[in-house]
Amino acid sequence: MGVGILSGTKVIIGDSETKSLLKERGFGELEGKRLVISLIEAVFLVDTEKISVMKGDKELSFEDLLKIGSKAEKEFYNKYIVFKDMRGRGLLVRTGLKFGTDFRIYERGQSIGRGHSTKLVHVVAEEYNCSFPEMARALRLAKNVNKDMIYAIVDEESDVTYYIVDRVKL
């Protein structure tokens, strides 16, 4: 099992073998000789026992990382539940920040640099309310970059329901 070092809200992987394996599986971004993974990726990799994460000389638990993520980012736990579900379905999941959403998805078998993401995913809690103009903006953005817009709704039991939002032209 590889080891990562917590640095703010990122985790740094320096070990060559772990770095190569994670990069091959679509995790993180190379920065020089290090692989930098997001906190949500680190939580997933700790949960699935692929890496351990250290802060100084203390190993952080799954719960420790969830607390750190929840302080740094709104709805972090729900985003983690959706991230874990999508990775479990064999999808390559990356941040959707540049598209104003939580995630972007690459289809099975795709890799970053060789393919394009096909869907944007916005994570919301079951009690979430949004206006039609807000939904229309999200959909318009997705269509402008040739992607489908998905709302991932997480209920109280941490079950996820996915809704593809599209427009109909009559």
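Here is what the cut-offs are and how they apply
- Residues numbered from 1 in each chain as written.
- Predicted model: local features only at pLDDT ≥ 70, side-chain atom pairs only at ≥ 80, totals over all residues.
- Heavy atoms only, no water.
- Helix = DSSP H or I, 4+ residues; strand = E, 2+ residues; numbered from the N terminus.
- 1 Å grid on protein atoms, 1.4 Å probe; cavity = no way out; pocket = protein on both sides within 12 Å on 5 of 7 lines; lining within 4 Å.
- Points joined across faces, edges and corners; volume = space filled by probe spheres on them.
- Nonpolar A, V, L, I, M, F, W, Y, C, P; charged D, E, K, R; others polar.
- Pairing = 2+ DSSP bridges.
- Axes fitted to C-alpha atoms, helices over the stretch in contact; angles between N-to-C directions.
- Contact = heavy atoms within 4.5 Å.

Student: Help me get a handle on unusual backbone geometry, residues and values and all.
Tutor: With a phi close to 60°, E75 is a non-glycine residue in the positive phi region. Tracing the sequence through the fold places E75 in the loop between helix 3 (62-72) and helix 4 (76-88). Phi at S158 is positive, roughly 65°, even though this residue is not glycine. Take S158: it is sitting in the loop between strand 10 (148-154) and strand 11 (160-165).

Student: Explain the layout of surface pockets to me, using residue names and the numbers behind them.
Tutor: One number sums up the size of the largest pocket: a volume of about 630 Å³. Around the largest pocket, the lining comprises 26 residues; the ones closest to its centre are K10, S38, I40, E73 and T95. By residue class, the composition of the lining of the largest pocket is ten nonpolar, seven polar and nine charged.

Student: Give a detailed account of the sheet that holds strand 7 (residues 92-95), specifying residues and quantitative values.
Tutor: The mixed open sheet is built from five strands, whose spatial order is 7-8-9-10-11. Bordering the open sheet on either side are strand 7 and strand 11, each of which pairs with just one other strand. Direction aside, neighbouring strands of the sheet carry axes that sit 30° apart on average. Both strand 7 and strand 8 (residues 103-106) contribute to a ladder of four bridges, which runs antiparallel. Across the sheet, residue L92 finds its bridge partner in strand 8, namely Y106. Helix-sheet contacts for helix 4 involve strand 7, strand 8, strand 9 (119-125), strand 10 and strand 11, and the interaxial angle to strand 9 is about 140°.

Everything listed here is a matter of geometry and, on its own, says nothing about what the molecule does.
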